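# Working through the structure, step by step
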Amino acid sequence: MALEPLSPRTTRVLPNYAHPPLIAVRMGIRCATAAIVDVDALAKQLGPSWLKSERSASPQRWARIGPTNDELISTFAGVLGDQHLEVYANGIDFLWDGRSGESYPHYETLRDAFLTAFDGWSQTPRHAVVSPVRWHVSYWNRIPQGTVWQQLADLRFCRLLASAHETPFAEQLAGFQQNWMFRAAGSRTQLRCDAWLENGEPATNEDVIWIALTSSGETNPSPATSSESGNDWLSELDAGRRSIVSGFRGLMSPSANAYWGLID
């Protein structure tokens, strides 16, 4: 299976798709110490492009892998409706939500928006040092029936699911929920792949296979600055994203990559 190392520092060009199945991107940072967050002061730091929103309006429950013990303090929504910000005492999560049909604006654009929000959070009056220790980035792919798969008996479009058709129960498969963890020896970064079937998706009534790739890791804590220089966690987050994008191509079959218009 053609997975690149978990922390690639290579100049290799990443795969590019004409019409990828990517539907959401989440990235976040956590600091060593929690702080009291002044939400009104943060709103001023973020500026008019972010509006405070009801917590229930945030796609947090829909687009999160695994449990979290972080206490959600507040949520903001971008004025265009496809970006969301979750504020915690010890960090933030930034989410691009493309379920309404928005085109993926590319990683660099989302990264800049995330960093701007993190700078605003960092500069909000607090009684704790901003010292990043954990980061994460997730890519969510929505794959409806009738695209690269027709029947659950044949899931060979994804190499992690391909063995399902070899079982004596293949024709009776009604659902699945799987996750895999990958970690290189001595690495502080891990790559997690989650795959599951959603029968009769509420919005469309379609059967949908979701594949989410999440890269996360720990970094050496050091006081953060508003500039990119010296932020090791940021280069590690970038490397984690590279693992996700290159790994997705390796996980998919040649015919699936061709279906989504892979451009090498």
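Please refer to the structure placed before this passage.
In this convention, every chain numbers its residues from 1, walking through the sequence in written order. This being a predicted model, a pLDDT of at least 70 is required before a residue's local features are given, and a value of 80 or more before pairs of side-chain atoms are given or counted; all residues contribute to the totals for chains, interfaces and linings. Calculated side-chain values reflect all of the structure's heavy atoms, with hydrogen atoms and water omitted.

### A few points about the packing of aromatic side chains
Heads up, the condition is: Stacked, tilted and edge-to-face are the three classes applied to pairs of Phe, Tyr and Trp rings, where Trp contributes its six-membered ring and a pair requires centres within 6.5 Å; stacked means planes under 30 degrees apart, edge-to-face means over 60, and tilted covers the rest. Where helices and strands are cited, they refer to DSSP runs of H or I of at least four residues and of E of at least two residues respectively, numbered from the N terminus. When a residue's accessible area, from a 1.4 Å probe over protein chains only, is under 20% of the maximum for its type it is buried; when over 50% it is exposed; and in between it is partly exposed. Only Lys NZ and Arg CZ are tested; either one counts as a charge over a ring when it is within 6 Å of the ring centre and within 35 degrees of the ring normal.
Per the stated rule, a full pass over the model turns up 12 aromatic pairs. With a centroid separation of 6.1 Å and 80 degrees between ring planes, the pair formed by tryptophan 50 and phenylalanine 94 is classed as edge-to-face. In this pair, tryptophan 50 is assigned in strand β3 (residues 50-53) and phenylalanine 94 in strand β6 (residues 91-97), connecting sequence segments 44 residues apart. Ring centres of tryptophan 140 and tryptophan 210 lie 6.5 Å apart, and the angle between their planes is 75 degrees; this geometry places the pair in the edge-to-face category. Of the two residues, tryptophan 140 sits in strand β7 (residues 132-144) while tryptophan 210 sits in strand β10 (residues 208-218), which places them 70 residues apart along the sequence. Note on accessibility: tryptophan 140 and tryptophan 210 belong to one class, buried. A connected cluster of aromatic rings, assembled from ring pairs, spans Tyr17, Phe248, Tyr259 and Trp260. The residue whose ring lies beneath arginine 30 is tyrosine 88, and the NZ or CZ to ring-centre distance is 4.3 Å.

### Remarks on the pairing of strand β2 (residues 22-31)
The test is simple: By definition, two strands form a pair when at least two bridges between them are found by DSSP.
Counting buried positions over the 10 residues of β2 gives 10, a clear majority of the element. As paired strands, β2 and β7 are joined by nine bridges and run antiparallel to one another. Each residue of the ladder has a partner; that of methionine 27, found in β7, is valine 137. Here β2 runs beside β6; their pairing, made up of seven bridges, is antiparallel.

### Here's the deal with helix α1 (residues 39-46)
Residues spaced three or four apart along an α-helix point in a common direction, a consequence of the helix completing one turn every 3.6 residues. Put simply, the rule is: Read the arc as the range of directions from the helix axis to the C-beta atoms. Any two residues whose heavy atoms approach within 4.5 Å are treated as being in contact. Polar contacts, as counted here, are pairs of nitrogen or oxygen atoms within 3.5 Å of one another; within protein the pair requires one atom able to donate a hydrogen and one able to accept it, and residues that are adjacent in sequence qualify only if both atoms are side-chain atoms.
Every buried residue of α1 is listed here: Val39, Ala41, Leu42 and Leu46. In a view along the axis of α1, the buried residues occupy a sector of 155 degrees, so they form one face of it. Considering only its buried residues, α1 is in contact with β3, β4 (72-78), β5 (83-88) and α2 (107-123). By the N-cap criterion, in which a side-chain oxygen at the helix start approaches the backbone nitrogen of a residue two or three places on, α1 is capped by aspartate 38, the distance to aspartate 40 being 3.2 Å. One or two positions beyond α1, positive phi appears at glycine 47, with a value near 90 degrees.

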